[in-house]
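For reference, the chains in residue letters:
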Amino acid sequence: MNTDQIRKIIGALLLIFVLTIPFSAPIQQYLSIPDEIVTFNDQTPIQLPELGENVSISTSEESVQAIDSSNFYAEEAGNSELTYEVAGFPIKKVNLSVLDDINVIPGGQSIGVQLHTQGVLVVGHHLVKVDDTALSPGEEADIQVGDIILNINGDPIEEMKDVKPFVESAGEDGDSLTVKIKRGKQTMETELKPQLDTDDKEYKIGLYIRDAAAGIGTMTFYDPDSQKYGALGHVISDMDTQKPIEIHNGTIVRSSVNSIEKGNNGIPGEKQARFSSDSDQLGSITKNSPFGIFGKLDETIKNGSYDEPMPVALSHEVEEGPAEILTVVEGEKVEAFDIEIVSSVPQKFPATKGMVVQITDPELLKHTGGIVQGMSGSPIIQNGKIVGAVTHVFVNDPTSGYGVHIEWMLNDAGISVRKKSEEKAG
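Computed from a prediction, not measured in an experiment: that's the story for all the values here. (Residues numbered from 1 in each chain as written. Predicted model: local features only at pLDDT ≥ 70, side-chain atom pairs only at ≥ 80, totals over all residues. Heavy atoms only, no water.)

Caption draft 1: How the structure looks around the packing of aromatic side chains. If you walk through the whole model with that rule in mind, you get one aromatic pair. Summarising the aromatic geometry, the rings of Phe394 and Tyr402 are spaced 4.9 Å apart at their centres and angled 85° between planes, so their arrangement reads as edge-to-face. Given the relative accessible area of 24%, Phe394 is considered partly exposed. (Phe/Tyr/Trp six-rings, centres within 6.5 Å; stacked < 30°, edge-to-face > 60°. Buried < 20%, exposed > 50% of the residue type's maximum accessible area, 1.4 Å probe, protein only.)

Caption draft 2: Quick look at a nonpolar patch on the surface. A grouping of Tyr30, Leu31, Val86 and Ile91 is seen on the molecular surface, where their side chains present a nonpolar patch of about 330 Å² in accessible area. Considering the arrangement of structural elements, one finds Ile91 in strand β7 (residues 89-99). Ile91 sits in the partly exposed class, given a relative accessible area of 35%. (Patch = residues over 30% accessible without salt bridge, like charges linked within 9 Å, V, L, I, M, F, W, Y side chains within 5 Å. Areas by Shrake-Rupley, 256 points an atom, 1.4 Å probe, with all protein chains shown as cover. Salt bridge = Lys/Arg side-chain N within 4 Å of Asp/Glu carboxyl O. Helix = DSSP H or I, 4+ residues; strand = E, 2+ residues; numbered from the N terminus.)

Caption draft 3: Molecular detail of unusual backbone geometry. Residues other than glycine seldom take positive phi values, yet Gln227 does so here, at roughly 65°. Within the secondary structure layout, Gln227 lies in the loop between β18 (207-222) and β19 (228-231). Notably, Gln242 is not glycine yet its phi reads approximately 60°, a positive angle.

Caption draft 4: Expanded view of the sheet that holds strand β3 (residues 55-59). Pairing within the open sheet is mixed, and its four strands lie in the order β1-β7-β6-β3. The open sheet terminates on both sides in strands that have one partner only, identified here as β1 (36-40) and β3. When the angles between neighbouring strand axes are averaged without regard to direction, this sheet yields 25°. Bridge count between strand β6 (residues 78-86) and β7: nine bridges; the pairing is antiparallel. Of the residues in β7, the one forming a bridge with Thr83 is Lys93. (Pairing = 2+ DSSP bridges. Axes fitted to C-alpha atoms, helices over the stretch in contact; angles between N-to-C directions.)

Caption draft 5: Focus on the nonpolar core. Counting residues in hydrophobic clusters, the biggest one holds 46 residues, and the most contacted among them are Ile325, Ile380 and Leu410. Counting only elements with at least two residues in this core, the list comes to β1, β21 (256-261), β27 (321-328), β28 (334-344), β29 (355-359), β31 (379-382), β32 (385-394) and α6 (406-412). Among the elements that line this core, the one with the most residues is β32, at five residues. Among residues more than four places away in sequence, those in contact with Ile325 are Glu335, Ala336, Phe337, Ile339, Ile359, Leu364, Met375, Ser378, Pro379, Ile380 and Val390. Within the second largest apolar cluster, 18 residues are counted, among which are Tyr222, Leu232, Ile247 and Ile285. (Core = buried A, V, L, I, M, F, W, Y, C linked by side-chain atoms within 4.5 Å. Contact = heavy atoms within 4.5 Å.)

Caption draft 6: Spotlight on the side chain of Ser110. Here Ser110 is to be found in strand β9 (residues 110-125). Within the structure, Ser110 has its side chain in polar contact with the side chain of Ser255 (distance 3.2 Å). The residues contacting Ser110, other than those within four sequence positions of it, are Gly217, Arg254, Ser255, Val257, Ala273 and Val328. (Polar contact = N/O pair within 3.5 Å; in protein donor to acceptor, adjacent residues only side chain to side chain.)

Caption draft 7: Spotlight on the sheet that holds strand β2 (residues 46-47). With antiparallel pairing, three strands are arranged side by side in an open sheet as β2-β5-β4. A strand with exactly one partner marks an edge of an open sheet, and here the two such strands are β2 and β4 (64-66). In the sheet, β4 pairs with strand β5 (residues 71-74) via three bridges, with the strands oriented antiparallel. Within the sheet, the bridge partner assigned to Val64 lies in β5 and is Ala74.

Caption draft 8: Examining the pairing of β1 more closely. Among the five residues of β1, four are classified as buried, and the element is accordingly described as predominantly covered. Examined bridge by bridge, β1 and β7 share five bridges and lie parallel to one another. Bridging across to β7, Glu36 finds its partner in Asn95.

Caption draft 9: Structural view of the pattern of salt bridges. For the structure shown, the criterion picks out 14 salt bridges. Asp199 is paired through a salt bridge with Lys129; the nearest N and O atoms lie 4.0 Å apart. In this pair, Asp199 sits in the loop between β16 (195-196) and β17 (203-204) while Lys129 sits in strand β10 (residues 128-130), placing the two residues 70 residues apart along the sequence. With a relative accessible area of 53%, Asp199 lands in the exposed category. For the salt bridge of Asp240 with Arg210, the shortest nitrogen-to-oxygen distance reads 2.8 Å. One end of the pair, Asp240, is in the loop between β19 and β20 (247-254); the other, Arg210, is in strand β18, and 30 residues separate them in sequence. Look at the salt bridges and you will find they share partners, linking Asp197, Asp200 and Lys204 into a network.

Caption draft 10: Broad picture of the environment of Glu168. Structurally, Glu168 is set in helix α4 (residues 163-173). Residue Glu168 is classed as partly exposed on the basis of its relative accessible area, which comes to 37%. With 152 residues separating them in the primary sequence, Glu168 and Glu320 have C-alpha atoms 62 Å apart.

Spatial relationships are all this shows, so hold off on functional conclusions.
This is the structure:
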């Protein structure tokens with residue numbers, strides 16, 4: 001056997017050795033040790049993988065106490081390190097963050113949502129007949145669908161009725177209007193000249209505008225101490241522009257479900273609910289974000305099933321398996337229904353669609369056929385904790401849909417899970 005053959009054999013053996021190392025039990029155990037553990041200060045044991053009798057785990061803070069060789073508990077919130085050691089030499093460090101407990105009351109109530117936009121929203125163009133031609137003055141002024149009209153001639157515009165007097169006055173005088181609009185994050189001004197419609201004998205600007213939106217959804221949670229709440233679990237977008245509504249103010253009111261249109265493949269179902277602007281106001285809406293609507297309640301509300309504060313779970317604590325949701329299928333009665341969490345993605349940064357859920361409760365399937373419009377925001381409860389909210393339905397499978405993790409809704413409600421503990425630790 002020559003030298004070249006020996007090198008090839010040694011190389012092959014080394015390659016086999018390198019490839020098989022990750023599959024050996026000790027290496028697999030070592031690789032299973034996380035770099036970071038984030039948990040709540042709720043007395044739940046912190047469990048770490050064991051590496052054998054010769055490997056010990058030490059803690060950097062006295063507030064973290066050992067139960068046995070691989071289980072620990074934290075006496076208070078804060079940051080520390082857990083270190084794997086062999087004969088006093090560190091071989092792996094795990095950053096441990098223990099957060100202050102967060103307890104909120106789950107919702108499930110059907111709510112009416114009433115939003116008033118900042119300024120008035122342009123939702124379309126229309127043609128104005130001027131003699132033998134047809135044109136849209138708004139389109140010629142480069143005002144686009146989705147733009148927000150903030151003021152006209154320097155005067156603020158808050159409602160649709162504010163626009164008409166400016167149009168009539170400028171039309172009669174033959175003047176143009178100086179219109180300030182907001183497009184995305186930019187603001188700009190344009191000149192808009194009203195035209196007299198030959199048929200209607202009215203001055204028009206060729207724009208469809210809207211200053212309010214309404215719909216129904218589901219309350220997710222509220223904090224009994226601050227009265228802050230979160231609902232829906234997703235942003236409210238204008239039905240014509242498909243852009244998020246920038247709110248000037250808004251309210252949530254009581255809502256009663258009177259019927260449900262069941263969902264079928266390709267066609268999402270819908271809750272039919274009754275509410276009016278004269279209904280008892282439950283609270284204000286101050287924020288419309290990708291994770292829902294948020295604000296403060298004017299009064300304490302109850303669901304009749306879970307009216308005591310419950311702990312919340314971080315995304316990595318959510319398990320695939322059985323859970324339940326709270327929602328309304330008739331009147332104002334909140335009921336619990338069985339679901340399955342099909343998958344859940346641990347998230348370190350805010351992101352929507354963190355879970356896939358499936359309705360398994362025969363009673364709910366009988367009423368709704370699965371997830372329907374108006375169910376968005378229904379809180380998801382697992383192992384005695386609020387883990388998230390239902391947000392979207394799969395169009396081709398109405399029994400299934402997405403959910404959002406509760407942590408991101410809490411953050412947007414102004415209840416920061418991590419910041420509170422970081423400030424305490426600092």
